[in-house]
Amino acid sequence: MKLVLRILNGAVTAVLAVILVATVALAITARRSQDGMPSVLGYKVLSVLSGSMEPAIKPGDVIIVEPLKPDHEIKEGDVITFRAADASDMLITHRVVGIVSVNGEPTAYVTKGDNNDAVDLSPVSRSQVVGIQRWRVPYYGYLREFMRKPVGIVSLVIAPGVLLIAMEIRKIVQVVMEEERAKKAEKEPADAQSPS
């Protein structure tokens, strides 16, 4: 049973460490990038804040967005992230439900949130498109948003660090105590054999 608990403890610690390192790395890349968006291997990592794309993408999810390149073709059904026409710092992620073409070339995209009743008011020009959504990580956005707050940093960086240090100190104390017990056990038989 102790072996199972040790393995489980090690696995949980490893998973939490990976999540923590990934979250800190994303925060660092966001601060260093020109657009303020975290990225991994060139892909943008964005938290979803609204339910307009439910059930496919839920609030609290993180989406991985491939930045739009000149040769990328956007098709109906693709989920794109784009800058709002009236607020360039606001990102929206919706599904393409139509394409506006001029002379056979796509010039704008009609978009709609899966959970919305109507299409978005204005078509999205290609210059507004940040990229195409490729993957989704459920619930990770909650952790990312929490990490942006001081209480999140304390509870997810400092507290686990203190806990890991405390666990290591406990292990050291256990090893020292076991060594002392072993020395006493060796000494007692020697005392019992010596003549008085």
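Everything here concerns the structure above.
Residues numbered from 1 in each chain as written. Predicted model: local features only at pLDDT ≥ 70, side-chain atom pairs only at ≥ 80, totals over all residues. Heavy atoms only, no water.

Undergrad: Got a minute to help me understand the sheet that holds strand β1 (residues 39-40) in this structure?
TA: Taken together, the eight strands give an open sheet; going across it, the order is β1-β2-β3-β8-β4-β5-β6-β7, and neighbouring strands pair in antiparallel fashion. The open sheet has two edge strands with one neighbour each: β1 and β7 (124-125). Bridge count between β1 and strand β2 (residues 43-47): two bridges; the pairing is antiparallel. Across the sheet, the residue bridging to Ser39 is Lys44, located in β2. Its contacts with the sheet place helix α2 (residues 140-147) against β2, β3 (62-67) and β8 (129-137), and it is angled at close to 80 degrees to β2. (Pairing = 2+ DSSP bridges. Helix = DSSP H or I, 4+ residues; strand = E, 2+ residues; numbered from the N terminus. Contact = heavy atoms within 4.5 Å. Axes fitted to C-alpha atoms, helices over the stretch in contact; angles between N-to-C directions.)

Undergrad: Teacher, can you tell me more about unusual backbone geometry here?
TA: With an omega of 5 degrees, the peptide bond running from Glu54 to Pro55 counts as cis. In this fold, Pro55 is placed in the loop between β2 and β3. With a phi close to 55 degrees, Leu41 is a non-glycine residue in the positive phi region. Taking the relative accessible area as the measure of exposure, Leu41 reaches 81% and is therefore exposed. (Buried < 20%, exposed > 50% of the residue type's maximum accessible area, 1.4 Å probe, protein only.)

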